[in-house]
Amino acid sequence: MLRRSVAFINNCKYNTGLFAYVPCFDSKYIEGKYPLEVNSSHQQYRKMSKHGPANRIVGLDKNVWVEFSALAAETKALNLGQGFPDFAAPAYMTAALKDVVTSSNPLMNQYTRAFGHTRLVNALAALYGKCHNRTIEPTKEILVTVGAYGSLFNTIMGLVNPGDEVIIIEPFFDCYQPMVLLAGAVPKYIPLKPKENATSTKDWVLDPKELDAMFNDKTKMIIVNNPNNPLGKVFTKDELTMIAELCKKHDVICLSDEVYEWMIYTGNKHERIATYPGMWERTITVGSAGKTFSATGWKLGWSIGPENLINGLRVVHQHSIYCCPTPLQEAVAIGLETEFARLNQPDCYLSSLAEELEEKRNKVCRVLKDIGLEPIVPDGGYFVIADISKIEGDFEDGTSSPKDYKFVRWLTRTVGVATIPPSAFFSDDHKYIGEKYIRICFIKEDSTLDKGLKLLQTLK
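Residues numbered from 1 in each chain as written. Predicted model: local features only at pLDDT ≥ 70, side-chain atom pairs only at ≥ 80, totals over all residues. Heavy atoms only, no water.

1. A look at the nonpolar core
Counting 106 residues, the largest nonpolar core has Ile-156, Met-221, Ile-223, Val-332, Tyr-382 and Leu-456 as its most contacted members. For this core, the element with the most residues is helix 12 (residues 349–371), which contributes 10 residues. Judged by nonpolar contacts, the second largest core, of 29 residues, contains Leu-192, Ala-198, Tyr-276 and Ile-433. (Core = buried A, V, L, I, M, F, W, Y, C linked by side-chain atoms within 4.5 Å. Buried < 20%, exposed > 50% of the residue type's maximum accessible area, 1.4 Å probe, protein only. Helix = DSSP H or I, 4+ residues; strand = E, 2+ residues; numbered from the N terminus.)

Set out below in structure tokens:
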């Protein structure tokens, strides 16, 4: 029997481009001509066959992380692009996980409740019940997922129908668009636009008339990322009220992605749209253990909302993931219980992390401004975008990519600092808004930031 996978054919001993000479499993080579066709989407050859990727995923293979993570690794550049810490999670969290895994209780290493480990959903209900000023039913109004990614996927696939329209506020985390398309729905984009001479994320705003015009009888959902990635904008009460009123007027679901909820800086407040009048019953709020506890590799997230909406998410979850790892859920539950007891105290990680990050943000923005990379100072999250317009040079690379893609490639190869091009977070019609910036992650050790900023100072 011959191997038929694309990866195998691409790695055949003899692959002439148009024909591949395919070895058998027993390592004896049988010469056979298997015509290949060029797949322009993947830029690779593959065997002509009726079998291949499903039609619904065609064109969704491109991903900004694939290219720029590979480039950073290839060049050994200092990676200030991807959004994860290079420092340890709280010691008591990792100790809790170790204790759970080595526990004498055998059930800690077996399947747990499909929709969320009992101890974890109880801890989530306690914390978010306080945040939302309401009683949250842990077994009916919470779903634990594989990361916030899983929550987003379950929500879109579980609540959106083919042909529905989904409003996406730009810039948007890049998975929103393909998830909406996978659901057979139609993404509709509205950008946050910078005011003239913008210096802060407060200067990036929605046009009320433009937003109002986006809503119609086909609109099923709006996705709000608050605080926003990559911008770091914290939506104000007035802005969220405007969105809420339109949701109620047109009977639209709000998917509120709040994974950076605890990273809010001085002078700002995290508003929860689900707490607004008439919004609990139409809002799914998404949170993340990885973001909350600086442990992105743990990949646990949650969806919180009314039972009738959560039920749709559960169906997708039970037929795909079914249940999340028990030890991780137990450890996160311990973490949430610990921090709940520390709320409003100096040693509470939910607030102390933001204090540490604010200092890092201030240092990064100060140096960027001195270099000539004008920062848009974020009010939340752990990214900052910086204007590259004043940096002179020839950044052309022979591609038709947006300017920020070319600049990031040049910066990675030449300066040795990897960042992310923000135009990746805009639709095609609005990429021009993002292509004059680069995105920098500052949830890093001070030594890492100092090294990266020193390299960037060569641009001055």
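2. Considerations on the sheet that holds strand 7 (residues 165–170)
Strand order in the open sheet formed by seven strands is 6-14-13-12-11-7-8, with mixed pairing between adjacent strands. Edge positions in the sheet fall to strand 6 (142–145) and strand 8 (186–191), since each has one partner strand and no second. Geometrically, the sheet is characterised by an average inter-axis angle of 20° between neighbouring strands, direction not taken into account. The pairing of strand 13 (residues 283–288) with strand 14 (residues 301–304) spans four bridges and is classified as antiparallel. The residue of strand 14 that forms the bridge with Thr-285 is Ile-304. Against the sheet, helix 4 (residues 118–132) engages strand 6, strand 13 and strand 14, with an angle of about 120° to strand 6. Against the sheet, helix 8 (residues 237–249) makes contact with strand 7, strand 11 (219–225) and strand 12 (253–257), and its axis sits at roughly 165° relative to strand 11, the strand it touches most. (Pairing = 2+ DSSP bridges. Axes fitted to C-alpha atoms, helices over the stretch in contact; angles between N-to-C directions. Contact = heavy atoms within 4.5 Å.)

3. Re the environment of Leu-328
Inspection of the secondary structure puts Leu-328 in helix 11 (residues 326–342). For Leu-328 and Trp-298, which are 30 residues apart along the polypeptide, the C-alpha to C-alpha distance reads 6.9 Å. Residues in contact with Leu-328, not counting those within four places in the same chain, are Leu-97, Trp-298 and Leu-300.

4. Digging into the sheet that holds strand 15 (residues 374–376)
Spatially, 15-16-18 is the arrangement adopted by the three strands of the open sheet, whose pairing is antiparallel. Each edge of the open sheet is held by one strand with a lone partner, namely strand 15 and strand 18 (437–441). Put simply, the sheet's adjacent strands are angled 35° from each other on average, direction ignored. Taken together, the three bridges between strand 15 and strand 16 (residues 383–387) define a ladder with antiparallel strand orientation. Bridging across to strand 16, Pro-375 finds its partner in Ala-386.

5. What about empty space enclosed by the protein?
Taken as a whole and assessed by the stated rule, the structure comprises one cavity of 30 Å³ or more. Approximately 40 Å³ is the volume found for the largest cavity. Among the residues forming the lining of the largest cavity, the class breakdown is eight nonpolar, one polar and no charged. (1 Å grid on protein atoms, 1.4 Å probe; cavity = no way out; pocket = protein on both sides within 12 Å on 5 of 7 lines; lining within 4 Å. Points joined across faces, edges and corners; volume = space filled by probe spheres on them. Nonpolar A, V, L, I, M, F, W, Y, C, P; charged D, E, K, R; others polar.)

6. A few points about the packing of helix 3 (residues 91–101) against helix 11
The description of two helices packed together rests on the angle between their axes and the distance between the axes. Here helix 3 crosses helix 11 at 140°, and the two axes come no closer than 9 Å. Relative to helix 11, the element helix 3 lies oblique. Here the hand of the crossing between helix 3 and helix 11 comes out right-handed. Touching Tyr-92, Met-93, Ala-96, Leu-97, Val-100 and Val-101 of helix 3 are Pro-327, Leu-328, Glu-330, Ala-331, Val-332, Ile-334, Gly-335, Thr-338, Glu-339 and Arg-342, all from helix 11. Among the residues making up the contact of helix 3 with helix 11, the classes are represented as 11 nonpolar, two polar and three charged. (Parallel < 35°, antiparallel > 145°, perpendicular 65-115°, else oblique. Left-handed = near helix turned anticlockwise from the far one by under 90°.)

7. Quick notes on the pairing of strand 16
Remember that side chains alternate between the two faces of the sheet whenever the strand is regular. Counting buried positions over the five residues of strand 16 gives five, a clear majority of the element. Where strand 15 folds back on strand 16, the antiparallel hairpin that results is connected by six residues, among which Gly-381 adopts a positive phi of roughly 75°. Strand direction decides the pairing type here: strand 16 and strand 18, joined by five bridges, are antiparallel. Within strand 18, the position partnered with Ile-385 by the bridge is Arg-439.

8. With respect to the pairing of strand 6
Alternating residues of strand 6 divide into Ile-142 and Val-144 and Leu-143 and Thr-145, and every residue in both groups is buried. Direction of pairing for strand 6 relative to strand 14: antiparallel, over a ladder of four bridges. Of the residues in strand 14, the one forming a bridge with Ile-142 is Ile-304.

9. Section: helix 12
With 23 residues, helix 12 extends 33 Å between its outermost C-alpha atoms, agreeing within 8% with the 33 Å of an ideal straight helix rising 1.5 Å per residue. With its phi angle positive at about 110°, Gly-372 sits one or two positions after the end of helix 12. (Expected span 1.5 Å × (residues − 1).)

10. Comments concerning the pattern of salt bridges
Pairs can form between side chains of opposite charge once their charged atoms are near each other. Taken as a whole and judged by the stated rule, the model has 24 salt bridges. Notably, a salt bridge pairs Glu-396 with Lys-406, separated by 2.8 Å at the nearest N-O pair. Highlighted residues: Glu-396 in the loop between strand 16 and helix 13 (403–415) and Lys-406 in helix 13, separated in sequence by 10 residues. Looking at Glu-396, the relative accessible area reads 56%, which means it is exposed. (Salt bridge = Lys/Arg side-chain N within 4 Å of Asp/Glu carboxyl O.)

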